[in-house]
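# Overview (structure and organization)
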Amino acid sequence: MADPISLKSIAELGALLEAKAISAVELAQAVIARTQAVEGRVHAFNSRDESGALAAAAASDARRAAGQARGPLDGIPVGLKDVIAAAGQPLTASSRMLANFVSPYDATVTARLKEAGAVLWGRLNCDEFAMGSSTENSAFGPTANPWDLARVPGGSSGGSAAALAAGEACATLGSDTGGSIRQPAALCGVVGLKPTYGLVSRYGLIAFASSLDQIGPFARTVEDAATVLGAIAGHDPLDSTSFHAEVPDYRAELKRRTGPWRLGIPKEYFGEGLDPAVGAAVEQAIAYYRAQGCEIKPVSLPHTPYCLDTYYIIATAEASSNLARFDGVRYGHRSKFATDAVDLYFKSRAEGFGAEVKRRIILGTYVLSSGYYDAYYLRAQKVRTLIRQDFLNAYREVDALLTPTSPVPAFKLGEKSDPLALYLCDIYTIGVNLAGLPAVSVPCGFTPGGLPIGLQLIGQPFQEANLLAIAQAYERGHDWVLRRPALD
Amino acid sequence: MNYEAVIGLEVHVQIRTRTKVFSRVAAGYGQPPNTLTDPVVLALPGTLPVMNKAALDAVIKAGLLLGCEIAPVCKWDRKNYFYPDSPKNYQISQYDQPICAGGSVEIELPGPARNVMGEHQRIPLTRIHLEEDVGKLNHFAADSLVDYNRAGTPLMEIVSEPALHSAEEAFAYLTSLRATMVYGGISDCDMEKGQLRCDANISIRPVGETKLGTKVELKNLNSISFVRDGIAHEIKRQLAVLERGGTLVQETRDYDGQTGTSQSLRSKEMAHDYRYFPDPDLMPVKVDETWKARLRGECPELPFDKQRRFADRYQLPYTLTSVLVWDRELADYFEATVQLTGREKAQAVANWIVNYFLRECGEKRLTAAALGVVITPAHAAELIQLVDSGQILSNAVATVSAGMFSTHEKPQAIAAREGLAGRTDAGELEQWCRDAIAANAKALAEFLAGKDSAINAFKGPVMKAAKGRADPKQVDATLRRLLAGQQTGR
Amino acid sequence: MASAPQLNIDHVAHLARLALSPEEKARYAQQLGDVLHHIEQLGKVDVTGVEPTAHAFPLVNVWAEDTPRPGLTAEAALRNAPAQRDHMVVVPKVVE
Ligand SMILES: [Mg+2]
Ligand SMILES: [Zn+2]
């Protein structure tokens, strides 16, 4: 059965647009229609701007008619996680705190997507302030996994992954602080790329943990991910942590870079807690690479057991400070019951933030408080050095590391209520953020119950072109990305 | 028991830049509320700071002027606290790695008399760092209004060692520090506009004791005089408490300059815990020798150094140097004029500047630089030379100067037009003197009766008739000669 | 490492400006106690002589020239303000 138009890849759609077989307006209408058909079950969006999308699509058609099409994204509907600012659009971070906030400015990635001709389509649901691994922490209700509506799509960028899997957008952006792109990509059976820290500007991304956050694409294929990355990557003077990295034509590089590669298998990523079906799928992926002539090397990242603690100290500490600005003064939720300015803070924040956000703010405030800084934050920053060093040591021998993305496939909504149990979902993804490395999750099979499984490939800093080529080498040998959830 | 006061000052100076310290929206004062903001200043979700190179330059320059060590590497920290004027609810500041450490401020204590130089001292500095200013709260009966125009203005915090011992020293310290900042083009330091703000930490201890006493922080000292008065008041208050047998408590007090009283601020619920940590949104600053050398090249001579040089090179008395050096533009004007007159006329130039030029600046509310465009150093030099060569008399200087200020003409042209050039001849002068004596019989009688000062009554009419061309000494001699004739003639 | 972490939930909630109900306090204290207990194991890592990592790819001297760009109008600046008057943000009375 042929895919509905909104489930085609950007590459296919680009060819259809180029051949004038479809128009951008028709494509936008198809995406809108598909969304109207499935969104009631999936709930991937916090808000949608249909007239804005249609107007942008009409502008794209006009450009194309005038021979001024801007490249592979011109006319392609792209959804944004609701933590990325777009001028004139709501920006909620899935929080009651920002329920009525409208951004007066564009994030750099938003401006770049507009520049590339993309049709910005909707604000995607996520865990509140990107804190979570299931999208259940959204103030506007959870998103369902299109492969099994009783299960979570992963998180925090669950809406971005689910919308793509359900055909409600042709590509989406998410943000990844500890796995928030890769884990939902794995759980929803799509490609998710977390770029090297500093490759994509964070300007306009609501900060969770500034030293770990990075924006990246969700796409149906590795090639599509390369296309979107090409549009958003590159130095930005508005982000002081942005790197002057070379931005090659990632799509063209995919064709040039053919391997074989040396792949490292970190033994610490295959231990206790790994779902057998996930483990088996990843073992088959390793076998596939070996069969393709890649050298497979066991490696060790000895500080892996400390990643989770290091991550939670650094991420919550930075978050406690980043989220201080949400005080009900200049914008955001303001309590009606405040007696004075100080009381306003206490009540507005208590009413505006959800439980997980409060929990992390408290933890972060505690680890930074007087007398604890050295023991927690400073120590975590030192352990971070060791964790990063582990990766750099491994890269002396290998081009990339291969691991499962998530230890478990999509779990049931409401299944994991203990915070610590949920934090363990991130054990394979957080080390990458601490080390600032690029990593991609690609679909690598299904559980016997039909849930998608993701394979994580971790690359060398700023070597996204290599990383994507390695991922595509796997993708080409399998048809996982062509499978669709049974939503119809 | 004898006590001594120990005072440390924390001075915040707004740096004069075109844009804010972490975003490129314009910085300024006196604009309509909330017209100097952007998403970064308002701390809208998703915004990020970017350092202002000019603000860094300014702090390094300040450090070089004050002899600080410039840190080879410094970084940014977040100081976390909630307040409605602070958009992010943290202030980007520098905690354990400030840009500048050490250094000192040279001060001059009051001399035994106004025209005598006082003792000089160097007050050591602890550190100077860069941070961002907050917005402004306007309080009303039922609520407060916030204007974020000031938020994000670059602010330099200059912390002294607890090395000051009196209100006078604090006054001298601030005077010198302010002049240094203005000289360096770092800030206008207008305290009324909040461009310089001062908090004082004050304690007292028995003379000979080395441990510091209980420290009281005095806030809201919003003019240099209020700093002096506030500190004097606080020292007196502390002494009174101890002499009464009371004990001092560590607290923050608010000084009201209008009423000359202070009151304790209710301590903010709990002790401060700023949870400082390195700001992950900003990268460190590395200062190399090239950068320092460039800024060193922009450093002006400081007022006290200039004063020593003026005294030495131009042989000027303290009364003149102490007026000339505190305004960089005035000092420059002086030296530009002396360039043209020659060094031996320096004192005449200085006298003219202090007696005429400055008065005019004050009356016209013009800066020395602005007035220096109207009366160029060349015109001033010409005036001094006209007097020196006897082409006009010194008592015509006032009239010629006034003409220069109003018409901007060359002094020679004014003197000619006003008939002030040259001198009167002896015959003309003798006639004016005779007329003056004849017209004032009363004064004549008094003089003849032995009251010598009565002669002055004749001088005015003579000078008036001569329109400034008469030499006062010659007038006096002529009058005495004629009056002596009257005496013998009787 | 701080010995046996004692999370004073009242103090921390105060610093964080969060009004918590007694139930929330009890729940967070217990949950964060578990997390802190887990975090204790970081104390086992030997970090002698290890430099902290603030940024994975450190840069220095990232700045902009002092050239103004247009900002927001007062109207735009206050568009999201919960309360405003005379082009300023209204906050309840500030009690020192
Ligand atoms: Mg505030
Ligand atoms: Zn300060």
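Note that the structure is a prediction, hence the values are computed from the model and not measured. (Residues numbered from 1 in each chain as written. Chains lettered and ligands numbered in written order. Predicted model: local features only at pLDDT ≥ 70, side-chain atom pairs only at ≥ 80, totals over all residues. Heavy atoms only, no water.)

### Looking at the overall build of chain B
A count of helical and extended segments in chain B gives 16 helices and 18 strands. Since a compact globule built from 490 residues should have a radius of gyration of about 23 Å, the 30 Å found for chain B marks it as more spread out than a globular shape. When its C-alpha atoms are laid out on the principal axes, chain B stretches across 100 × 55 × 50 Å. Looking at chain B as a whole, 53% of its 490 residues qualify as buried. For chain B, restricting intrachain contacts to residue pairs at least 6 apart in sequence, the fraction spanning at least 24 positions comes to 68%. Across chain B, the centroid of the 58 positively charged side chains sits 3 Å from that of the 61 negatively charged ones. (Helix = DSSP H or I, 4+ residues; strand = E, 2+ residues; numbered from the N terminus. Rg over C-alpha atoms; globule rule 2.2 N^0.38 Å. Buried < 20%, exposed > 50% of the residue type's maximum accessible area, 1.4 Å probe, protein only. Contact = heavy atoms within 4.5 Å. Lys, Arg positive; Asp, Glu negative; His and termini not counted. Charge placed at Lys NZ, Arg CZ, Asp CG, Glu CD.)

### Some points on the overall build of chain C
Within chain C, the secondary structure is distributed over three helices and three strands. A globule of 96 residues ought to have a C-alpha radius of gyration of about 12 Å, yet chain C, at 23 Å, is considerably larger. With the C-alpha coordinates of chain C rotated into their principal frame, the extents come out at 55 × 45 × 25 Å. Here chain C holds 96 residues, and 44% of them are scored as buried. When the accessible area of chain C is evaluated, it comes to approximately 5,100 Å², of which 53% is carbon and sulfur surface. In chain C, 8 positive and 12 negative side-chain charges are present, and the distance between their average locations comes to 8 Å. (Areas by Shrake-Rupley, 256 points an atom, 1.4 Å probe, with all protein chains shown as cover.)

### Considerations on the domain arrangement of chain B
In terms of domains, chain B is made up of domain 1 (3-294), domain 2 (303-417) and domain 3 (426-488). Placing a centre on the C-alpha atoms of domain 2 of chain B and another on those of domain 3 of chain B gives a separation of 33 Å. (Domains from an automatic or database assignment.)

### Description of the sheet that holds strand β11 (residues 143-147) of chain B
If you trace the four strands from one edge of the open sheet to the other, you get β10(B)-β11(B)-β3(C)-β2(C), paired in antiparallel fashion. The open sheet has two free edges, formed respectively by β10 (136-139) of chain B together with β2 (84-85) of chain C, since each of these has just one partner strand. Pairing of β11(B) with strand β3 (residues 88-92) of chain C involves four bridges; the strand directions are antiparallel. Opposite Asp143(B), over in β3(C), you have Pro92(C) as the bridge partner. (Pairing = 2+ DSSP bridges.)

### Some details on the layout of surface pockets
A volume near 750 Å³ is recorded for the second largest pocket. When residues of the lining of the second largest pocket are traced back to their parent elements, those giving at least two are α13 (374-394) of chain A together with β4 (73-74) and β17 (277-278) of chain B. With four residues, α13(A) is the largest single contributor of residues to the lining of the second largest pocket. Here the residues of the lining of the second largest pocket sort into 20 nonpolar, eight polar and eight charged. (1 Å grid on protein atoms, 1.4 Å probe; cavity = no way out; pocket = protein on both sides within 12 Å on 5 of 7 lines; lining within 4 Å. Points joined across faces, edges and corners; volume = space filled by probe spheres on them. Nonpolar A, V, L, I, M, F, W, Y, C, P; charged D, E, K, R; others polar.)

### A closer look at the coordination of the zinc ion (ligand 2)
All names here are of chain B. Around the zinc ion (ligand 2), the protein contributes the donor atoms His12 (NE2), Glu131 (OE) and Glu157 (OE), which lie 1.9 to 2.1 Å from the metal centre. Each donor residue of the zinc ion (ligand 2) lies on one chain, and together they are spaced H-x118-E-x25-E. Of this pair, histidine 12 sits in strand β1 (residues 3-14) while glutamate 131 is found in strand β9 (residues 120-132), placing the two residues 119 residues apart along the sequence. Both residues of the pair, histidine 12 and glutamate 131, count as buried. (Donors = N, O, S within 2.8 Å, 3.2 Å for Na, K, Ca; no water.)

### Looking at the environment of Leu320(B)
Residue and element names in this part refer to chain B. Summarising the element assignment, leucine 320 is placed in helix α6 (residues 318-324). The class for leucine 320 is buried, based on a relative accessible area of 6%. As a C-alpha pair, leucine 320 and aspartate 388 span 68 residues in sequence and 20 Å in three-dimensional space. Residue contacts for leucine 320: discarding those within four places in its chain leaves Gln347, Ala350, Asn351 and Val354.

### Some points on the side chain of Thr405(A)
Residue and element names in this part refer to chain A. Relative to the assigned elements, threonine 405 resides in the loop between β9 (400-404) and α14 (419-423). Here the side chain of threonine 405 touches leucine 455 through a polar contact of 3.5 Å, landing on its backbone oxygen. Threonine 405 has contacts with Arg182, Gln183, Ala186, Tyr428, Thr429, Ser441, Gly454, Leu455 and Gln456, leaving out every residue within four places of it along the chain. (Polar contact = N/O pair within 3.5 Å; in protein donor to acceptor, adjacent residues only side chain to side chain.)

### A few points about the packing of helix α10 (residues 377-388) of chain B against helix α11 (residues 397-407) of chain B
Between two packed helices, both the angle of their axes relative to each other and the distance between the axes serve to describe the pair. Residue and element names in this part refer to chain B. α11 packs onto α10 with a crossing angle of 160° between their chain directions and a minimal axis gap of 11 Å. It follows that α10 is roughly antiparallel to α11 by the angle criterion. Where α10 crosses over α11, the handedness of that crossing is right-handed. Across from His379, Ala380, Leu383 and Val387 in α10, the residues of α11 making contact are Val397, Val400, Ser401 and Met404. For the contact of α10 with α11, the residue count by class is six nonpolar, two polar and no charged. (Axes fitted to C-alpha atoms, helices over the stretch in contact; angles between N-to-C directions. Parallel < 35°, antiparallel > 145°, perpendicular 65-115°, else oblique. Left-handed = near helix turned anticlockwise from the far one by under 90°.)

### Topic: the state of the cysteines
Residues and elements named next belong to chain A. Tallied over the entire structure, the rule returns zero disulfides over all chains. The structure places no disulfide on cysteine 126, whose sulfur is separated from the nearest cysteine sulfur, that of cysteine 188, by 14 Å. Overall, cysteine 126 belongs to the buried group, its relative accessible area being 0%. With no disulfide of its own, cysteine 444 lies closest to cysteine 188 among cysteine sulfurs, the gap being 15 Å. (Disulfide = S-S within 2.5 Å.)

### Remarks on the interface of chain B and chain A
Listed per partner, the contact involves 30 residues of chain B and 38 residues of chain A. Of the roughly 2,800 Å² buried at the junction of chain B and chain A (both faces included), carbon and sulfur atoms supply 60%. Here chain B is connected to chain A by one salt bridge. Between Asp281(B) and Arg202(A) there is a salt bridge whose closest N-O contact spans 3.1 Å. Joining chain B to chain A, the criterion identifies 20 residue pairs in polar contact (both at pLDDT 80 or more). Put simply, the parts of the chain that give the side of chain B that touches chain A at least two residues each are β5 (77-80) and β17 of chain B. Along the lines of polarity and charge, the residues of the side of chain B that touches chain A split into 21 nonpolar, four polar and five charged. (Buried area = accessible area lost by both parts, 1.4 Å probe. Salt bridge = Lys/Arg side-chain N within 4 Å of Asp/Glu carboxyl O.)

### Observations concerning empty space enclosed by the protein
Residues and elements named next belong to chain B. Counting across every chain of the model gives ten cavities of 30 Å³ or more. Size it by volume and the largest cavity reaches roughly 220 Å³. In this structure, the largest cavity is lined by 22 residues; those nearest its centre are Val40, Val41, Lys88, Glu132 and Gly152. Sorting elements by how many residues they give to the lining of the largest cavity places strand β6 (residues 90-93) first, with three residues. Residues of the lining of the largest cavity, tallied by class, amount to twelve nonpolar, five polar and five charged.

### Digging into the sheet that holds strand β8 (residues 295-299) of chain A
Adjacent strands of a sheet pair through backbone hydrogen bonds, lying either parallel or antiparallel. All names here are of chain A. One open sheet accounts for eleven strands, arranged β1-β3-β2-β4-β6-β5-β10-β11-β9-β7-β8; its pairing is mixed. Either end of the sheet is taken by a strand with one partner, and the two such strands are β1 (45-47) and β8. When strand polarity is set aside, the average angle formed by the axes of neighbouring strands in this sheet is 35°. Summarising the sheet, strand β10 (residues 439-446) and strand β11 (residues 452-458) pair through six bridges and their orientation is antiparallel.

### Focus: the environment of Gln460(A)
All names here are of chain A. Position of glutamine 460 among the secondary structure elements: in the loop between β11 and α16 (464-476). Residues glutamine 460 and leucine 437, 23 residues apart in the sequence, show an inter-C-alpha distance of 6.4 Å. Among all residues touching glutamine 460, those that are not within four sequence positions of it are Thr196, Tyr395, Val398, Asp399 and Pro438.

### What to know about the nonpolar core
Residues and elements named next belong to chain A. Ranked by internal contacts, the top residues of the largest apolar core, which has 203 residues, are Leu113, Phe129, Tyr289 and Phe391. With nine residues, helix α10 (residues 307-322) is the largest single contributor of residues to this core. When near neighbours in sequence (up to four residues on either side) are disregarded, leucine 113 contacts Leu73, Val78, Leu80, Ala118, Leu120, Leu173, Ala231 and Ile232. (Core = buried A, V, L, I, M, F, W, Y, C linked by side-chain atoms within 4.5 Å.)

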